[in-house]
Amino acid sequence: MEEELKCPVCGSLFKEPILLPCSHNVCLACARNITVQTPEGETPVQSRASGSSDYDYLDMDKMSLYSETDSGYGSYTPCQLKSPNGVRVFPPANPHRHCSLTCPLCHRSVSLDERGLRGFPRNRLLEAIVARYQQNRAASASSSSSSSSSSSSSSSSSNAVKCQLCDRNPVEATVMCEQCDVYYCNACQQRCHPSRGPLAKHRLVPPRSQAAGGGAPPATARKPATCVDHETENFSMYCYSCRIPVCMKCLEEGKHAKHDVKTLPMMWKQHKCQLSQALNGVSDKAKDAKEFLVQLKNMLQQIQENGVEFEACLVAQCDSLIEALTRQKAKLLTKVTKEKEYKLKVVRDQITHCTMKLRQTTGMMEYCLEVLKENDPSGFLQISDALIKRVTSSQDQWVKGALEPKVGPEFDLTLNTDSLLQTILMLDFCQGKVESGPAVPAAPLLQLEKCCTRNNSATLAWRVIAPPGSPIEGYILELDDGNGGQYREVYVGKETVCTVDGLHFNSSYNARVKAYNAIGVGPYSKTVVLKTSDVAWFTFDPTTAHRDIVLSNDNQTVSCNSYDDRVVLGTAAFSKGTHYWEVSIDRYDNHPDPAFGVARINTMKDMMLGKDDKAWAMYVDNNRSWFMHNNSHTNRAEGGITKGSTVGVLLDLTKHTLTFYINKEQHGPTAFESLDGVFVPAVSLNRNVQVTLLTGLEVPKNTKQ
């Protein structure tokens, strides 16, 4: 479980963790280190260049810069001025700069508002679990080292609380701010937390002494979590639409007027029940995995014993032959050893892989069990959705066949001792019994460790032993239609590895392969089932984009160098199923009309999307929108976009319809019907707009006609 409690930035146990919008956690200090400053309107960078930047990113909570008059968090410019004690002195904030933070796990960037890091909720539930884990570990360590009694003679001064803002050799703290939750010495308190202005409202109290042997301020009883926007209000309700706890003032202000709001205890119990049910499934898989590991370890011994036994039989047979057979004996032994080593390697690799997955699953289970012990409803609900998804995803990792041995302990080799002396030099191993005379190739053996799927592509690999005197001329790979229908040939050639692109998403394909030679076509291999991705993950396609299009952020962000509209397409093509993606508006100047929708691959790239008969789109400004196909404008709807808005596109090829969303809400009626064929995501924009593509999203429910 310790890996679940470590910060992905510093690698240490979480200290003052904050919860990012992507549901991942980082230490507050680490978040300060990875926060970067970017010019207004510029795309946030993905990571901080180095730890030696000229910018100092201070903990705004500790510096009490989150006061009522502060509005420029992260807007400070480099400064070489320092006070005599080494504290950086900052000039006034530059209003043309803002800060952004990139999650170190999923690399999702988010811009900070005027509240800075204080705008992210503090994960008190995780903080409590870390504290409990440290206490249990410290108790275990103290019990194991009870013989070292000299530690009890440590001076009482070592238990004193130190100032948290001193650069070097921190001195004993004299006060603590209850609002900032920071310990100050006299000098740091006068410099960083003066008792004037907005900070005069903060309450300074004497510091609490540390517990014996501790290295940080003692853990106190946790106060109920308060609303970020209304610090004096406790969370009492839960917005099911936004999936966040809210206070009564948020409801009174109408922020969640049309949202589904439920009581906090009810949602707490419901999410705890969901997490418990999901854990039951993972627990069963973990139990099966443990039994499977025992089976694999026993198989190692069986393979060793069978290999030794087979080698002994081979030596006995070879010794009964003449010297010509003796010359061949070494070659045969080598092949048996290779087969044995291959089986051993496959089983060892499977043990290593299964052990790693089991360790990850067990650690996650322990962490989830600790979460279930918590009695903080708001803290629990902050992370419950992400945990439920993780547990469900972990259960899906144990797919059918994952707990089955990839090789057997038996050696499928037969030595034919009835051959004449003249054929001894041609003696070799074969799969099963060998019939006399030329034969067709045997059934290929699919190498499951090399077979995989990615997005809507599938890769298969196989091997086969050629019959004596008749080499293999090629292979035929066949796949069904993804619905259990008829097989069709997708590859004919001599290669033993093949990747098939353009498959349907969220489909299970049956694949088989056969070999052929001059004698004829051999039997099929065993059938393997390959499942494509449930949702589409794709980017913008630089190979088909107009030359004025500018792509960045791994081809997920697009802008344009021209004042005229230019078209860029996605890398995925859809002809079946239901697919949903969104486009986030990063920059929106001078009220342009960007268009979003789908198109054929050969649509015009130098005009607005929907001008020709090969594109279906919605173009929108800051006030209203229209649907457009073949230069026909229909269904004007009120409501537009601004910077920060999201435009969603729902392509339902089951119903053959196209629907649009703005900020998660359906915009207008179903835009287009009777869509059939192959479509690719498409966007048109000019230099006044910059957007970022968001894929792999769940399909919205309850579409209005």
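Everything that follows concerns the structure shown earlier in this document.
The notes below deal with the structure included here. A quick note: this is a predicted structure, and the numbers were derived from the prediction, not measured.

Things to note about the overall build of the chain
Item 1. The secondary structure content of the chain amounts to 7 helices and 32 strands.
Item 2. Taking all 705 residues of the chain together, the buried fraction comes to 43%.
Item 3. A sequence separation of at least 24 residues applies to 63% of the contacts in the chain between residues at least 6 apart.
Item 4. Only carbon and sulfur atoms are counted for the fraction: they give 50% of the accessible area of the chain, which is about 37200 Å².

What about the pattern of salt bridges?
Item 1. Under the definition given, this model contains 19 salt bridges.
Item 2. For Glu370, the salt bridge goes to Lys373, with nearest N and O atoms at 3.2 Å.
Item 3. Classification of Glu370 as buried rests on a relative accessible area of 16%.
Item 4. Salt bridges here are not isolated pairs; linked through shared partners, they connect Arg132, Glu370, Lys373 and Glu374.

Digging into the sheet that holds strand β24 (residues 595–599)
Item 1. With respect to topology, 6 strands assemble into an open sheet ordered β22-β31-β24-β25-β26-β27, the strand pairing being antiparallel. Across the chains shown, the open sheet's two edge strands, defined by having one partner strand only, are β22 (566–569) and β27 (632–638). Here the strands of the sheet are splayed against their neighbours by 20 degrees on average, with no regard to which way each runs.
Item 2. Alignment of strand β25 (residues 615–620) against strand β26 (residues 624–629), held across 5 bridges, turns out to be antiparallel. Across the sheet, Met618 pairs through a bridge with Phe627, a residue of β26.

Examining the environment of Met628
Item 1. For Met628, the position within the fold is in strand β26.
Item 2. Classification of Met628 as buried rests on a relative accessible area of 0%.
Item 3. Each C-alpha atom, one on Met628 and one on Leu609, is 8.1 Å from the other, the two residues being 19 residues apart in sequence.
Item 4. Those residues within four positions of Met628 in sequence are excluded, and the remaining contacts are Met608, Leu609, Gly610, Lys611, Ala615, Trp616, Ala617, Tyr619, His633 and Phe672.

A look at helix α7 (residues 377–397)
Item 1. Between its first and last C-alpha, α7 extends 29 Å over 21 residues, near the 30 Å set by a 1.5 Å rise per residue.
Item 2. For α7, the principal kink sits at Ser384 and spans about 45 degrees.

So, the nonpolar core
Item 1. Formed by 76 residues in total, the largest nonpolar core has its most connected members in Leu5, Leu275 and Tyr367.
Item 2. Sort the elements by how many residues they give to this core and helix α5 (residues 264–319) lands first, with 16 residues.
Item 3. Sequence-distant contacts of Tyr367, that is, excluding residues within four places in its chain, are made with Met1, Glu4, Leu5, Leu126, Ile129, Ile383 and Leu387.
Item 4. By size, the runner-up hydrophobic cluster in this structure holds 38 residues, among which are Ile549, Val620, Ile662 and Val691.

Overview of unusual backbone geometry
Item 1. Positive phi values are uncommon outside glycine, yet His107 reaches one of about 60 degrees.
Item 2. Within the secondary structure, His107 sits in the loop between β4 (97–102) and β5 (109–111).
Item 3. The phi torsion at Asn663 lies on the positive side, around 55 degrees, for a residue other than glycine.
Item 4. Of the residues examined, Asn663 reaches a relative accessible area of 39% and is grouped as partly exposed.

As for the pairing of strand β20 (residues 549–552)
Item 1. Strand direction decides the pairing type here: β20 and strand β21 (residues 557–560), joined by 4 bridges, are antiparallel. The partner of Leu551 across the bridge, within β21, is Val558.
Item 2. Between β20 and β21, which pair antiparallel in sequence order, lie 4 residues; one of them, Asn553, sits at a positive phi of approximately 55 degrees.

Here's the deal with the side chain of Glu4
Item 1. Mapped onto the elements of the fold, Glu4 is located in the segment before β1 (17–19).
Item 2. A relative accessible area of 16% places Glu4 in the buried class.
Item 3. Side-chain polar atoms of Glu4 contact the side chain of Arg390, separated by 2.7 Å.
Item 4. Each residue touching Glu4, except ones within four places of it in the same chain, is listed here: Phe14, Gly363, Met364, Tyr367 and Arg390.

A word on the environment of Ile662
Item 1. Its location among the elements puts Ile662 in strand β29 (residues 657–662).
Item 2. A relative accessible area of 9% places Ile662 in the buried class.
Item 3. Through-space distance from the C-alpha of Ile662 to that of Gly640 is 8.1 Å; in sequence the pair is 22 residues apart.
Item 4. Those residues in contact with Ile662 that sit more than four places away from it in its chain are Met618, Val620, Gly639, Gly640, Ile641, Thr646 and His667.

A few points about the environment of His591
Item 1. Mapped onto the fold, His591 is located in the loop between β23 (578–588) and β24.
Item 2. Between the C-alpha atom of His591 and that of Asp621, which follows or precedes it by 30 residues, the distance is 5.9 Å.

What counts and how
- Residues numbered from 1 in each chain as written.
- Predicted model: local features only at pLDDT ≥ 70, side-chain atom pairs only at ≥ 80, totals over all residues.
- Heavy atoms only, no water.
- Helix = DSSP H or I, 4+ residues; strand = E, 2+ residues; numbered from the N terminus.
- Buried < 20%, exposed > 50% of the residue type's maximum accessible area, 1.4 Å probe, protein only.
- Contact = heavy atoms within 4.5 Å.
- Areas by Shrake-Rupley, 256 points an atom, 1.4 Å probe, with all protein chains shown as cover.
- Salt bridge = Lys/Arg side-chain N within 4 Å of Asp/Glu carboxyl O.
- Pairing = 2+ DSSP bridges.
- Axes fitted to C-alpha atoms, helices over the stretch in contact; angles between N-to-C directions.
- Expected span 1.5 Å × (residues − 1).
- Bend = angle between axes of the 7 residues up to and from the residue.
- Core = buried A, V, L, I, M, F, W, Y, C linked by side-chain atoms within 4.5 Å.
- Polar contact = N/O pair within 3.5 Å; in protein donor to acceptor, adjacent residues only side chain to side chain.

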